[in-house]
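Chain by chain, the residues run as shown.
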Amino acid sequence: VVSGSADNLVKIWDVETGAEVRTLTGHSGKVLSVAFSPDSKRVVSGSSDNLVKIWNADTGVEVRSTLPGDLSIVNSVNSVTFCPEGKHVVFGSTDNLVKIWDAE
């Protein structure tokens, strides 16, 4: 299971034990939405810092991020998900935009 929170962190949890497996740091605002890739090898996160980040779920390393102002994101990213094929991320923000972003 993956979670995002108001302390700007993304956490991966072991479902069976309830133990925290990994903490992913790098957002400077509340993490509002998270999702695993279809193969569970990556995590995508969206935040009130207006960024979308992709992480390696096994290592916790950030592998891709939008930059401030990228893709015309000017407000909080409220919803993120991987497309079923795992090659793209779809996200929505409070500026009424829905975008598709290359996840590779």
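You'll find the structure just up there.
My aim in this report is to walk through the structure given alongside it, one point at a time. Within any chain, residue numbers begin from 1 and follow the written order of that chain's sequence. A pLDDT threshold of at least 70 governs which residues receive local features in this predicted model, and a stricter bar of 80 or more applies before side-chain atom pairs are shown or counted, although totals over entire chains, interfaces and linings include all residues. With hydrogens and water stripped out, all remaining heavy atoms of the structure feed into the side-chain values.

### Quick look at the environment of Ser 5
With respect to the helices, strands and loops of the structure, Ser 5 is situated in the loop between strand S1 (2-4) and strand S2 (10-13). Under the relative-accessibility criterion, Ser 5 is labelled partly exposed at 26%. If sequence neighbours within four positions are ignored, Ser 5 has contacts with Lys 30 and Val 31. Polar contacts, as counted here, are pairs of nitrogen or oxygen atoms within 3.5 Å of one another; within protein the pair requires one atom able to donate a hydrogen and one able to accept it, and residues that are adjacent in sequence qualify only if both atoms are side-chain atoms. A polar contact of 2.2 Å, which involves the side chain of Ser 5, links it to the side chain of Asp 7. Numbering goes from the N terminus for both helices and strands, where a helix is a DSSP run of H or I of at least four residues and a strand is a run of E of at least two. Any residue under 20% of the maximum accessible area for its type is buried, any over 50% is exposed, and the rest in between are partly exposed; the area is computed with a 1.4 Å probe on protein chains only. By the convention used here, residues are in contact when the closest approach between their heavy atoms is within 4.5 Å.

### Examining the pattern of salt bridges
Counted as salt bridges are all cases of a side-chain nitrogen of Lys or Arg within 4 Å of a carboxyl oxygen of Asp or Glu. Scanning all chains against the criterion turns up 2 salt bridges. Note that Glu 20 and Lys 11 form a salt bridge whose closest N and O atoms lie 3.2 Å from each other. Among the ionic pairs, Glu 62 bridges to Lys 53, the shortest N-O distance being 3.0 Å.

### Considering the sheet that holds strand S4 (residues 31-36)
Paired strands are those between which DSSP finds at least two bridges. The sheet built from 4 strands is open, its strands ordered S4-S5-S6-S7 with antiparallel pairing. The open sheet has two free edges, formed respectively by S4 and strand S7 (62-65), since each of these has just one partner strand. The average angle at which neighbouring strand axes cross in this sheet is 20°, direction not considered. Angles run from 0 to 180 degrees between N-to-C directions of axes, and those axes are lines fitted to C-alpha atoms, restricted for helices to the stretch in contact.

### Topic: a nonpolar patch on the surface
Patch membership is restricted to residues that have no salt bridge and whose relative accessible area is over 30%. Joining uses 9 Å for like charges and 5 Å for the nonpolar side chains Val, Leu, Ile, Met, Phe, Trp and Tyr. Calculation of accessible area relied on Shrake-Rupley with a 1.4 Å probe; when residues are assessed, cover is drawn exclusively from the protein chains displayed. A surface patch of nonpolar side chains, about 290 Å² in accessible area, is lined by Val 1, Trp 13 and Val 15. Secondary-structure assignment places Val 1 in the segment before S1.

### A look at the pairing of S2
Inspection of the sheet shows S1 paired to S2 by 3 bridges, in the antiparallel sense. Within S2, the residue paired with Ser 3 across the bridge is Lys 11. Counting the residues that bridge the hairpin from S1 to S2 gives 5 residues, and of these Asn 8 lies at a positive phi of roughly 75°. The sheet contact formed by S2 and strand S3 (residues 20-24) spans 4 bridges and is antiparallel. By the bridge assignment for S3, Lys 11 is matched with Thr 23. The hairpin formed by S2 and S3 contains 6 residues between the paired strands, and Gly 18 there has a positive phi angle of roughly 80°.

### Some points on unusual backbone geometry
Notably, Asn 50 is not glycine yet its phi reads approximately 70°, a positive angle. Residue position: Asn 50 is located in the loop between strand S5 (42-47) and strand S6 (52-56). At Asn 96, a position not held by glycine, the phi torsion is positive, near 65°. Its location among the elements puts Asn 96 in the loop between strand S9 (88-93) and strand S10 (97-102). You can call Asn 96 exposed: its relative accessible area is 75%.

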